[in-house]
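Each chain is listed here by its residues.
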Amino acid sequence: MTIIKSFPLIGVLILYLIAFIMPLIKKNSLVKFLSVISFSTCLILFITCLRYVIYNGSYFYKIGHFDAPYGIEFKIGIIECVIAVLFAFISLMVSWYSCYSIEHDIDERKIPLYYLLINILVGSLLGIVFSNDMFNVYVFIEIGNLASCGIVVVKGKKENIKAGLKYLIMSCLGSGLVLMGIAFLYSMTGHLNMTYIHESLIKSYMNYPQAIIITLGLFTVGLGVKSALFPLHTWLPDAHSSAPTSSSAILSSLVLKAYVIFLLKILYRVMGKEIIFNTPILNILLILGSLGMIMGSILAMFQKDLKRIIAYSSVAQIGYIYFAIGLGTELGVVMCIYHIIGHAVTKSALFLCSGSIIEKTCQKEITNLIGVGKEMPYTLALFFISSLSLVGIPLLPGFVSKWYLAIDSIGVNKLLLIIIILASSLLNAVYYLPISINGFFDEENSGGKIYKSKEKTIKELMPIAILVIAMFYVGINSEGIINLIKTALA
Amino acid sequence: MKDKILNTVVGNLIPFIQIFGIYVILHGHLSPGGGFAGGTIIGVSFILYRIVFGKEFSQKKLKFSVLLRFVTIGVCIYGIMKGYIFISGGNDLHFPQPPLGTPGNIMSGGFLLPLNIIVGTVVAVTMYFFYCLFEEGEI
Amino acid sequence: MERLITNYYETASIILFGIGFATLLLHSNLIKKIIGMNIMDTSVMLFLIAKGYIQGNVAPIIVDEFKGVSEYVNPIPTSLMLTGIVVAVSTTALALALTIKMYEKYGTIELNEILEKGDE
C-alpha cells in the first residue's frame, strides 16, 4: 500500500488548499465547518501513517522526480508521526472550541482571515517536523512567522498591536540568525540535505574547530529567541496574554515546540553525538534551562492578570524541556519529547479554561475572580485538574516527567539538579493553587452569587473535557509512550 | 492642461509596460526574470494607473472582489499542480506532464511555464493591494 | 588579520550585521528599527551569495553554447536568496502596516512615548 507513504504530504497540502479557499466564502459558519473538517482529516491520515510506520519502520519520501542530494525529501519516522498526531489533535480541539467563542474576541468580517491564518500556521509547523532539507525548513519557519504574528494582531486593540510588533521584530531577528547558521553549514559541506551534511561533517570536522562552535551558537540563539529560552523570552508574556483565546492556546502549546524539535534534529541528526560532546553547548543549554525554570516561576508570582500568569508558566515549562536536552543522555531526549506531549495537552486546556472564565465574567485579574467557583463549577474544576498536572501530582504527565528527570540527573551525577526540580515544583504550586482555592472556597464574598449562573453549556465545554481526558491518558499510559519513543531512537 | 498631458501619455504607455512584463514572465525559464520580476512590473503598471487616474476610475476597473477571486483561484491551481507532481514523484508513478522539449524553446521545461504565470499574477495583485492599503488605511 | 582582508566579502557582511543590530537596539523611532532589521537581512544574503563566487567564472546563463559545468559560478546560493528576498520584503510590509496602525492608536511612533502612554 504505497499510497499510505504519501499521507503526510497529502495532509499538509489539504491544509494549505482549504486555507486558500476561505476568503471566497461569505458565510462564517461554512468557514468554521471547513476548518474543523480539514483538521479532522489530517488527524485520520496521520494516525494511519503512524500505524504503518510502527509496523514497517521509517522511510524517506522524495518530492517530485529528483533524488536525494538534488531534490527535497521528507523523512517519516516514529517520532515525527507521534508529534504530527499531537499537533493535529490539539489544533482540532482548539478550532472546535473557537467555533463558539471567536465572536467575542474579533470583528465579524475578519473571521475567514483568522481561520486562513490558523490553517497556514499549523501546515507550516507540520512541514518543519517532517522535512529533511535545511532550506525547506527555513521557508516553513518564515511562513510560520508571518502567520503567528497575524493571529496575535487580528484583534484590533492597542496592546495587541504593540505585542505583535515586538513579536514580529524578535522573530525576524531569530530567523536571520538561523539563516546565517544555514549559510555556514552550506559553506562547510556544500550540501543542504541533513543526512548528507552529517556524512560529510563526520569526515571533515577536524578542519573547522571554531566554525562548528559558531554555527551551534547561531542556531541556539536564533531558535532560542523563537521558542522562549530564558533570557530571550521577553516577547512571550505580552503576545500570549493579549491574543484571542484560541490563538494563545495554539501559540503556547504548538508553535514553541516545533522549533525545539528542529533544534533536536540539528543536534542529533546533522551534527551527531561525537561532535556535540566536544563542545560546551549541552552544558550551556542545561544552565539556561534551569535558570528559565526558576526565573519563570518567580516572575509569575508577581503578576495579577490571569493570562499573564499562564504565559510566564510557559517560559518555565520550556525551561524543563531545554534542561532535559542539556542532560545529554538518551533518556533525556526521550523525556524531552514526552514533556512536549504532556505540556501541549495541559497548557491548551489551561488557556481554553481561562479564556472562557474571562469571557463570561468580564474580569481579567485574579483578585476579582474570588468565588467564581460557585458560578462556573465545571470550568474551574477542569482548570484545577490541569494545574495539578503542572505542580506534579502522580497519575498526571507532569509528575512522570519530573520523576524521570530526577532519575536521570542522579545517573549523570549532578545531584544539585534535583534541588532545582523540586524548587520549581514548589514555586508552581505557589501561584497556581491560590486561583482554584480562592475560586471554590471563599464563603463570605460569594454569598451574593448564584450557583451555575454563568456556566457555559456542555456542548461548549466538550473540547476542554476531551483535552483533560487525553491528559489523563498520556499520564497513565506513560510507560507505553516512553517505550515507543525509545524504540525510535535506538 | 497638465491633467490632459499626463492622462494621454500614461494611457498610451501602460499597455507597453504590461507587454514587457508579460514577456519577462513567459521567458522566465530561459533568461533572467521569471514570475517575481515580471509580476512586479505588471503591479507597477496597476499602481501607475491608480496614481494618475484617481480612486473612482481604478475602483471601477480593478474591483477588489474580482482581484481577490483571481488570487485565491490562482493559489489553489498552484497547489493542485504541485501536489500532482509531488505525489507522482514520491511513489515513482509517472503521470503525464507537459512536454520537456529542447532547452531554448518556450514550450520546454514541463511545469515551469504555468507556475510562472500564476506566480506573476499573484505578485502583481498583491503589490496593488499593498499600495491601496498604505494609501488609505484599509482596502 | 590577513585572513580578514582576503575574505573581504565575509568581513563586510559581519560589519553590516553589527550595524543593523545596533540600529535595531539603539534608536527609539519605529521606522529606524525596521530599517535596521532590513540591513541585517541584507547582510546575511550578501554572505551567502558571496560564498557562491568562484574566481574567473561567468554568470550561469546560456548565451551561445553550453560550456561545461566548471565555467559557471555556483547558481544554488543565488536561487536560495531569491526566496530570502521575498521573505524579507513581506516581513517589512507587515511591519510597516502595523506601524501605521500603532500611529493611529497611540499618536506617536517614538517607542519611549508609547511605553509611557501604554501604562495608563
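These numbers come from a predicted model, not from an experiment.

Rules behind the numbers
Residues numbered from 1 in each chain as written. Chains lettered and ligands numbered in written order. Predicted model: local features only at pLDDT ≥ 70, side-chain atom pairs only at ≥ 80, totals over all residues. Helix = DSSP H or I, 4+ residues; strand = E, 2+ residues; numbered from the N terminus. Contact = placed C-beta atoms within 7 Å. Nonpolar A, V, L, I, M, F, W, Y, C, P; charged D, E, K, R; others polar. Axes fitted to C-alpha atoms, helices over the stretch in contact; angles between N-to-C directions. Parallel < 35°, antiparallel > 145°, perpendicular 65-115°, else oblique. Left-handed = near helix turned anticlockwise from the far one by under 90°. Core = buried A, V, L, I, M, F, W, Y, C linked by C-beta atoms within 7 Å. Buried ≥ 20, exposed ≤ 12 C-beta atoms within 10 Å, placed from the backbone. Expected span 1.5 Å × (residues − 1). Arc of directions from axis to C-beta.

## A closer look at the overall build of chain B
The number of helices and strands found in chain B is five helices and zero strands. Starting at the N terminus and walking to the C terminus, you meet the elements of chain B as α-α-α-α-α. Within chain B, residue pairs in contact and separated by at least 24 positions form 66% of the contacts whose partners lie at least 6 positions apart.

## Re the overall build of chain C
Counting its secondary structure elements, chain C contains five helices and zero strands. Overall, chain C shows an N-to-C arrangement of helices and strands of α-α-α-α-α. Overall size of chain C, expressed as C-alpha extent along the three principal axes, is 70 × 35 × 15 Å. Contacts in chain C between residues far apart in sequence, at least 24 positions, make up 51% of those at least 6 positions apart.

## Considering the interface of chain A and chain C
At the interface, 20 residues of chain A touch 23 residues of chain C. Listing elements by their share of the side of chain A that touches chain C, those giving two or more residues are helix H5 (134-153) and helix H6 (158-189) of chain A. When residues of the side of chain A that touches chain C are assigned to their parent elements, the largest contribution, 14 residues, is made by H6(A). Its residues assigned to classes, the side of chain A that touches chain C comprises 14 nonpolar, three polar and three charged.

## Observations concerning the packing of H6(A) against helix H8 (residues 209-226) of chain A
Residue and element names in this part refer to chain A. Running from amino to carboxyl end, H6 crosses H8 at an angle of 155°, the nearest separation of the two axes being 8 Å. One element, H6, and the other, H8, form an angle in the roughly antiparallel class. In this structure, H6 crosses over H8, and the sense of that crossing is left-handed. From H6, Met 170, Ser 171, Leu 173, Gly 174, Ser 175, Leu 177, Val 178, Met 180, Gly 181, Phe 184, Leu 185 and Met 188 reach across to H8, where they touch Ala 211, Ile 214, Thr 215, Leu 218, Phe 219, Val 221, Gly 222, Leu 223, Val 225 and Lys 226. The class makeup of the residues in the contact of H6 with H8 is 15 nonpolar, six polar and one charged.

## Things to note about the interface of chain A and chain B
If you look at the interface, chain A gives 16 residues, while chain B gives 13 residues. For the side of chain A that touches chain B, the secondary-structure elements that each account for two or more residues are helix H1 (7-21) and strand S1 (59-62) of chain A. If you tally residues by element for the side of chain A that touches chain B, the top one is H1(A), at six residues. Looking at the side of chain A that touches chain B, its residues break down into 10 nonpolar, four polar and two charged.

## Points about the nonpolar core
Membership of the largest hydrophobic core comes to 188 residues, with the highest contact counts inside it found for A:Phe87, A:Leu125 and A:Ala349. Among the elements that take part in this core, H6(A) stands out by supplying 17 residues, more than any other. Contact partners of A:Phe87, with chain neighbours within four places excluded, come to A:Val122, A:Leu125, A:Leu126 and A:Leu254. In terms of nonpolar packing, the next biggest core, distinct from the first, is built from 16 residues, B:Val24, B:Phe36, B:Ile41 and B:Leu115 among them.

## Considering the environment of B:Ile87
With respect to the element layout, B:Ile87 can be found in helix H4 (residues 64-90). Beyond its immediate sequence surroundings of up to four residues, B:Ile87 is in contact with A:Ser6 and A:Leu9.

## What about helix H2 (residues 28-56) of chain A?
Residue and element names in this part refer to chain A. For H2, with 29 residues, the first-to-last C-alpha span of 43 Å sits near the 42 Å given by 1.5 Å per residue. Every buried residue of H2 is accounted for by Val 31, Lys 32, Ser 35, Ser 38, Phe 39, Cys 42, Leu 45, Phe 46, Cys 49 and Val 53. The inward-facing, buried residues of H2 contact H1, strand S2 (73-76), helix H3 (78-101) and helix H4 (111-130). In the segment just after H2, Gly 57 is the residue with positive phi, at about 90°.

## Details of helix H2 (residues 8-26) of chain C
Residues and elements named next belong to chain C. Given a rise of 1.5 Å per residue, 19 residues ought to cover 27 Å, and the 27 Å separating the end C-alpha atoms of H2 matches this to within 8%. Listing the buried residues of H2 in full gives Ser 13, Phe 17, Gly 20 and Leu 24. Here the buried residues of H2 occupy an arc of 70° about the axis, which is enough to place them on one side. Along H2, exposed side chains directed more than 90 degrees from the buried face belong to Tyr 8, Ile 15, Ala 22, Leu 25 and Leu 26.

## Let's talk about the environment of A:Trp235
Residue and element names in this part refer to chain A. Summarising the element assignment, Trp 235 is placed in the loop between H8 and helix H9 (236-242). Using a count of 22 C-beta atoms within 10 Å as the deciding quantity, one classes Trp 235 as buried. Between the C-alpha atom of Trp 235 and that of Cys 362, which follows or precedes it by 127 residues, the distance is 25 Å. Apart from the residues within four sequence positions on either side, Trp 235 is in contact with Lys 166, Tyr 167 and Met 170.

## Observations regarding unusual backbone geometry
All names here are of chain A. Positive phi, normally seen in glycine, also occurs at Leu 395, with a value near 80°. Looking at where Leu 395 falls in the secondary structure, it is placed in the loop between helix H16 (377-391) and helix H17 (397-411). The backbone of Asn 413 sits at a positive phi, close to 70°, despite the residue not being glycine. As for its placement among the helices and strands, Asn 413 is situated in the loop between H17 and helix H18 (416-441).

## Details of the packing of helix H7 (residues 194-204) of chain A against helix H10 (residues 245-271) of chain A
All names here are of chain A. The contact between H7 and H10 brings their axes to 8 Å, and the two run at 55°. In terms of orientation, H7 and H10 fall into the oblique class. On the side of H7, the interface is formed by Met 194, Ile 197, His 198 and Leu 201, while H10 contributes Lys 265, Arg 269, Val 270 and Met 271.

## Some points on the environment of A:Leu254
Residues and elements named next belong to chain A. Along the chain, the position of Leu 254 falls in helix H10. Taking the number of C-beta atoms within 10 Å as the measure of exposure, Leu 254 has 25 and is therefore buried. Along the chain, Leu 254 and Thr 48 lie 206 residues apart, while their C-alpha atoms are 21 Å from each other. The contacts of Leu 254, once residues within four sequence positions are left out, are Phe 87, Ile 90, Ser 91, Leu 125 and Ala 344.

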